[in-house]
Amino acid sequence: MRSSCVLLTALVALAAYYIYIPLPSSVSDPWKLMLLDATFRSAQQVSNLIHYLGLSHHLLVLNFIIISFGKKSAWSSAQVKVTDTDFDGVEVRVFEGSAKPEEPLKRSVVYIHGGGWALASAKIRYYDELCKAMAEELNAVIVSIEYRLVPKVYFPEQIHDVIRATKYFLQPEVLHKYSVDPGRIGVSGDSAGGNLAAALGQQFNQDANLKNKLKVQALIYPVLQALDFNTPSYQQNYWVDYFHGNYDFVQAMVVNNHTSLDVEEAAALRAHLNWTSLLPASITKNYKPVMQTTGNTRIVQEIPQLLDARSAPLIADQKVLRWNHVCKRLESAGVEVTLDHFEDGFHGCMIFTSWPTNFSVGIRTRNSYIKWLDQNL
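Bear in mind that the values here come from a model prediction, so they are computed numbers and not experimental data.

Participant: Just to check I follow, could you spell out the overall build of the chain for this structure?
Facilitator: Of regular secondary structure, the chain possesses 16 helices and six strands. Relative to its 377 residues, the chain shows a buried fraction of 48%. As displayed, the chain has an accessible area near 18,600 Å², and 56% of this comes from carbon and sulfur atoms.

Participant: Help me understand the nonpolar core, please; the structure alone is not making it clear to me.
Facilitator: Soluble, globular proteins show a tendency: their nonpolar side chains are buried together. Ranked by internal contacts, the top residues of the largest apolar core, which has 52 residues, are I112, I145 and F169. Among the elements that line this core, the one with the most residues is helix α7 (residues 192-205), at six residues. Setting aside chain neighbours within four positions, we find F169 in contact with F87, S108, V110, V141, V143, V174, L175, Y178, V180 and I185. Core analysis: the second largest hydrophobic core is formed by 34 residues, I124, Y221, F352 and I370 among them.

Participant: Could you clarify how one ought to interpret the pattern of salt bridges in this entry?
Facilitator: Oppositely charged side chains are able to pair whenever their charged atoms sit close together. Using the criterion set out here, one finds 17 salt bridges in the structure. With its nearest N and O atoms 2.6 Å apart, the salt bridge here joins D37 to R41. Of this pair, D37 and R41 both sit in helix α2 (residues 30-52), four residues apart, which is roughly one turn of the helix. One salt bridge in this structure joins E129 and R125, with 3.8 Å as the shortest N-O distance.

Participant: Would you explain helix α5 (residues 157-169) in this entry?
Facilitator: The end-to-end C-alpha distance of α5 is 18 Å, a good match for the 18 Å that 13 residues give at a rise of 1.5 Å each. What α5 keeps buried is the set Q158, I159, D161, V162, I163, A165, T166 and F169.

Participant: Help me out: how do you make sense of the UniProt feature "active site" (unreviewed entry) in the chain in this one?
Facilitator: Per the UniProt record, the feature "active site" (unreviewed entry) sits at S191. As for its placement among the helices and strands, S191 is situated in the loop between β5 (180-190) and α7. A relative accessible area of 6% means that S191 is categorised as buried.

Participant: How should the packing of aromatic side chains be read in this particular structure?
Facilitator: The geometry of an aromatic ring pair comes down to the distance between the two centres and the angle between the two planes. Within the structure shown, the criterion is met by 14 aromatic pairs. Note on F346 and F352: the rings are 6.4 Å apart at their centroids and 25 degrees apart in plane angle, and the pair reads as stacked. Put simply, the rings of F87, Y168, F169 and Y178 pair up and form one aromatic cluster. The aromatic ring of F359 is capped on one face by K32, whose charged end is 5.7 Å from the ring centroid.

Participant: Help me understand the packing of α2 against helix α3 (residues 58-70), please; the structure alone is not making it clear to me.
Facilitator: Between two packed helices, the angle of one axis relative to the other and the distance separating the axes together describe the packing. Direction vectors running N to C along α2 and α3 enclose 140 degrees, while the axes themselves pass 8 Å from each other. The orientation of α2 with respect to α3, classified from their angle, is oblique. For the pair α2 and α3, the crossing hand works out as right-handed. Facing F40, A43, Q44, V46, S47, N48, I50 and H51 of α2, the residues of α3 in contact are H58, V61, L62, I65 and I66. Split into classes, the residues belonging to the contact of α2 with α3 amount to eight nonpolar, five polar and no charged.

Participant: Looking at this structure, I do not really get the confidence of the model for the chain. What am I missing?
Facilitator: Any segment with low pLDDT has predicted coordinates that should not be analysed in fine detail. Averaged over all residues, the pLDDT of the chain is 85; the fraction at 70 or higher stands at 84%. Here residues 232-237 scores under 50 on pLDDT; set against residues more than four positions off or in separate chains, the count is 14 contacts.

Participant: What is the right way to read the side chain of S121 from this model?
Facilitator: Within the secondary structure layout, S121 lies in the loop between β3 (106-112) and α4 (125-138). Residue class for S121 comes out buried when judged on its relative accessible area of 4%. Separated by 2.9 Å, the side chain of S121 and the backbone nitrogen of K123 make a polar contact.

Participant: Where do I start with the pairing of strand β1 (residues 80-87) in this structure?
Facilitator: For a regular strand, side chains alternate in direction, first toward one face of the sheet and then toward the other. Bridge count between β1 and strand β2 (residues 90-97): eight bridges; the pairing is antiparallel. The residue of β2 that forms the bridge with T85 is V92. Counted along the chain from β1 to the antiparallel partner β2, the turn is two residues long, and its residue D88 has a positive phi close to 55 degrees.

Participant: How should the side chain of Q305 be read in this particular structure?
Facilitator: Among the secondary structure elements, Q305 is positioned in the loop between α13 (298-302) and α14 (318-321). In this view, Q305 contacts F155, F243 and S311; residues no more than four positions away in its chain are not counted.

Participant: Just to check I follow, could you spell out the pairing of strand β6 (residues 216-220) for this structure?
Facilitator: Across the five residues that make up β6, a large majority, four, are buried. As paired strands, β5 and β6 are joined by five bridges and run parallel to one another. Looking at the pairing, G186 lines up with V216 of β6.

Participant: Even after reading the chapter, I still don't get a nonpolar patch on the surface, so can you show me in this structure?
Facilitator: The grouping of L49, Y52, L53 and L55 at the surface amounts to a nonpolar patch, some 520 Å² of accessible area in total. Mapped onto the elements of the fold, L49 is located in helix α2.

Participant: Which parts of the structure should I look at to understand the sheet that holds β6?
Facilitator: The strands that make up a sheet are held in pairs by hydrogen bonds between backbone atoms, and each pair lies either parallel or antiparallel. Ordered by their spatial adjacency, six strands build an open sheet running β1-β2-β4-β3-β5-β6, and the pairing between neighbours is mixed. Each of the sheet's edge strands pairs with one partner strand only, and the pair in question is β1 and β6. Going across the sheet, the axis of each strand differs from the next one's by a mean of 20 degrees, ignoring polarity. Pairing of β3 with β5, which is carried by six bridges, proceeds in the parallel orientation. Pairing of I112 across the sheet is with G189, part of β5. Seen against the sheet, α5 touches β1, β2, β3, β4 (140-146) and β5 and runs at an angle of roughly 150 degrees to β4.

The rules we used
Residues numbered from 1 in each chain as written. Predicted model: local features only at pLDDT ≥ 70, side-chain atom pairs only at ≥ 80, totals over all residues. Heavy atoms only, no water. Helix = DSSP H or I, 4+ residues; strand = E, 2+ residues; numbered from the N terminus. Buried < 20%, exposed > 50% of the residue type's maximum accessible area, 1.4 Å probe, protein only. Areas by Shrake-Rupley, 256 points an atom, 1.4 Å probe, with all protein chains shown as cover. Core = buried A, V, L, I, M, F, W, Y, C linked by side-chain atoms within 4.5 Å. Contact = heavy atoms within 4.5 Å. Salt bridge = Lys/Arg side-chain N within 4 Å of Asp/Glu carboxyl O. Expected span 1.5 Å × (residues − 1). UniProt positions renumbered as here; feature names shortened; annotations may be inferred. Phe/Tyr/Trp six-rings, centres within 6.5 Å; stacked < 30°, edge-to-face > 60°. Lys NZ or Arg CZ within 6 Å of the ring centre and 35° of its normal. Axes fitted to C-alpha atoms, helices over the stretch in contact; angles between N-to-C directions. Parallel < 35°, antiparallel > 145°, perpendicular 65-115°, else oblique. Left-handed = near helix turned anticlockwise from the far one by under 90°. Nonpolar A, V, L, I, M, F, W, Y, C, P; charged D, E, K, R; others polar. pLDDT = per-residue confidence, 0-100. Polar contact = N/O pair within 3.5 Å; in protein donor to acceptor, adjacent residues only side chain to side chain. Pairing = 2+ DSSP bridges. Patch = residues over 30% accessible without salt bridge, like charges linked within 9 Å, V, L, I, M, F, W, Y side chains within 5 Å.

Spelled out as structure tokens, the structure:
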């Protein structure tokens, strides 16, 4: 009996050690976030083991686990009609809210899910619930794009998918089919989806052949640059996988050896990304930019996508930013900007709004996001 108690205590201690991660004191529901993080890390370790054994690519395994526990069929309700279809060969899930009696034409949002260009789906519960709530509360048509993922395709194929699907949707006959007002269409996305939404906006802004332009852009914790991996809130994303790059460069990239002072290709872009001037003091605090004097010029030579504005929209020219972009750089380009910052938030929080992964900051973030769309779209 005594040995059983000792063993149980040891197992509890090991579990607590595995689950616990240091978090800022302001983070919402910290223990629930630790459990969510531990679950994801466990899935990653399983996928890495299968990859090591040569049975499958680790991202395919990880996404299989994610989708297996969260895939949701296209289920309609009395308020929202949900259908799976394709726009010019790209899978989409369309959510059609009821029209307002005084407005026969509906607003619309093209939504692009996150997941590091490699994970998740427009058809998992988290994004299905988000888009359904948007369609119902905004009386809108939401087009959620199921773009292809790494490792089946790499940059810039994800961008091509969202551009192709959105161009198809913007055709007059398609907008008429869904009773959408061509002057009230926005684009939005979270994380890597925010990256694709920003790239989409920039591409459309420069396309003179497009008759219907996007009215608003809403980016949720977007991935916008690969110039500096030592910013205050940077997350380890899937850049190397997205670019089909060499994993040998990862550690060098983390310390910014790819944009050191001796890398000429990056020199002209540094002024676009002085985050000490782009972010408020409440966020920058005591963080200092990491700028290497000498680095590895091979990195950007072998992975030139790191400095491509389609993958890193924040480094785009000022004239491109006049239609879209982020906060200070947008404001400096003469664009009206709303910045909504949640001190207790974390990357990915907006999709976690239902049990058992419901976070108070997720609910507040989603409500604020939908309210902004209602006021501006």
